[in-house]
Amino acid sequence: MHHRILRLILFFTSALFVLTAYAESELNMPVGGTILSEEIYKLHMAGFYVCCGIGVVVFGVLIYSLIRFRKSKGAQAAHFHEHLGVEIIWTTIPFLILVALAIPATIVLGHIHNTDKSALTLKITGYQWKWKYEYLDQGISFFSVLSTTQDQINNKAKKSEWYLLEVDHEAVVPINTKIKLLITADDVIHSWWVPALGVKQDAIPGYINENWIYVTKPGTYRGQCGELCGLNHGFMPIVVKAVPQAEFDQWVKNHHPGNSFTPLQPALNPLTGDALLALGKAQYEKNCVMCHQANGAGLPPSFPALKKSRIVTGAPDAAIAFVLSGVPGTAMQAFGEQLDDQNIAAIMTYIRSAWGNSDLVKQQKYSTVIQPKDVAKVRQGSKP
Ligand SMILES: [Cu+2]
């Protein structure tokens, strides 16, 4: 009989080895690259091993009993009720296990909420469907928008390596520095989720949630919005690049304070109509297409059509002013904060020309072409 028990024990120990191998594999939770992500990983593994241990004991006894006391061997069931000793044991043991798991979990939770002594503050705002990063101490601020092209999304071009996980401007952070994250949203609830940084924090309009990262391994960390936030929820990825302090300092130096990647200083050089159209199409696909669609038909009733729109095809200044300031309280954002004069001029030229709109514009004796200086003029005029 004893060799059977031995075999059983052997079986379960080897099962445990398989599980350990699993822990190292890609199927498991990533260790990540921050102090917190490592703590969370260790907590997860501790819970995992406790579960394995319980599994081995429970299934060991179960399978052993099934074999040892099988009917063909003439086993007779015992008849007894309410054994106080057994009840106390099977209440106490799970209770102790739960307490043993709750203590480290509470400690880690405390660490997650402790944003004290951070050397840098990064404010992150979720928008439909992009992220805004503001380095409060450095005065740097920019939007980070999906950079995968529409052609790739529509299967007209080969998909890139980081398809749907790439952005135009990644958030750059220094390694070995405690960075406080202030996470909020502008419209609906989003969630800033980067598994390898150990952060999944809801971004809620009107609230600021705090979290922090201390990246130990340099590299590029990718994530996504973790809260269903509407049509293009899957198209607002997160890319964080962790670099040594010196490289970060250089990056800061290269960016003017303010809206760093979309300078608000007007780019006044006139462009040819063709150049404006080409740039406008690209910028439209990056900034407007998810709501107003490639064919300009929009998705009524949520997103109005720009094709034959009276605003788009009407007086240039009013059309520009509309796009600069958006419609507060709707998904139509104030693009004046996000795009410079040249890009707005290009987009305006494109939407006034495309989808047959140029006919409507010309009927009213307006020009389809909008130059950066026209945008600059409206921007100046709209300043209080
Ligand atoms: Cu979102």
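It should be noted that the structure appears before, not after, this text.
Not measured: the values here are computed from a predicted model. (Residues numbered from 1 in each chain as written. Predicted model: local features only at pLDDT ≥ 70, side-chain atom pairs only at ≥ 80, totals over all residues.)

Regarding the environment of Ile 351
Tracing the backbone shows Ile 351 in helix α10 (residues 341-353). Taking the C-alpha atoms as reference, Ile 351 lies 9.8 Å from Lys 308; in sequence the two are 43 residues apart. Among all residues touching Ile 351, those that are not within four sequence positions of it are Tyr 284, Leu 306, Val 312 and Asn 357. (Helix = DSSP H or I, 4+ residues; strand = E, 2+ residues; numbered from the N terminus. Contact = placed C-beta atoms within 7 Å.)

Some thoughts on the sheet that holds strand β4 (residues 171-174)
Taking strand neighbours across the sheet as the criterion, the five strands line up as β4-β10-β9-β6-β7 in an open arrangement whose pairing is mixed. This sheet does not close on itself; its edge strands, each paired only once, are β4 and β7 (199-203). Neighbour-to-neighbour, the strand axes of this sheet turn through a mean angle of 25°, independent of strand direction. Pairing of strand β6 (residues 190-194) with β7 involves five bridges; the strand directions are antiparallel. Counterpart to His 190 in the pairing with β7 is Ala 203. Lying on the sheet, helix α5 (residues 245-253) is in contact with β4 and β10 (238-243); it crosses β4 at an angle near 135°. (Pairing = 2+ DSSP bridges. Axes fitted to C-alpha atoms, helices over the stretch in contact; angles between N-to-C directions.)

Remarks on helix α6 (residues 273-287)
The terminal C-alpha atoms of α6, which comprises 15 residues, lie 20 Å apart, in line with the 21 Å expected from a rise of 1.5 Å per residue. Listed as buried for α6 are Leu 276, Gly 280, Lys 281, Gln 283, Tyr 284, Lys 286 and Asn 287. Of the surrounding secondary structure, the elements contacted by the buried residues of α6 are α7 (289-292) and α10. (Expected span 1.5 Å × (residues − 1). Buried ≥ 20, exposed ≤ 12 C-beta atoms within 10 Å, placed from the backbone.)

Some details on the packing of α6 against α10
For the pair α6 and α10, the least separation of the axes is 7 Å and the interaxial angle reads 95°. By the angle between their directions, the pair α6 and α10 is classed as roughly perpendicular. Residue-level inspection shows Gly 273, Leu 276, Leu 277, Leu 279, Gly 280, Lys 281, Gln 283 and Tyr 284 of α6 in contact with α10, the latter providing Asn 343, Ala 345, Ala 346, Ile 347, Thr 349, Tyr 350, Ile 351 and Ser 353. Here the residues of the contact of α6 with α10 sort into nine nonpolar, six polar and one charged. (Parallel < 35°, antiparallel > 145°, perpendicular 65-115°, else oblique. Nonpolar A, V, L, I, M, F, W, Y, C, P; charged D, E, K, R; others polar.)

Some remarks on the pairing of β6
Of all five residues in β6, four are buried; the element is thus mostly enclosed. If you look at the hairpin formed by β6 and β7, you'll find four residues sitting between the two strands, and Gly 198 has a positive phi there, around 70°. Relative to strand β9 (residues 219-225), β6 is paired through two bridges, and the arrangement is antiparallel. Counterpart to Trp 192 in the pairing with β9 is Cys 225.

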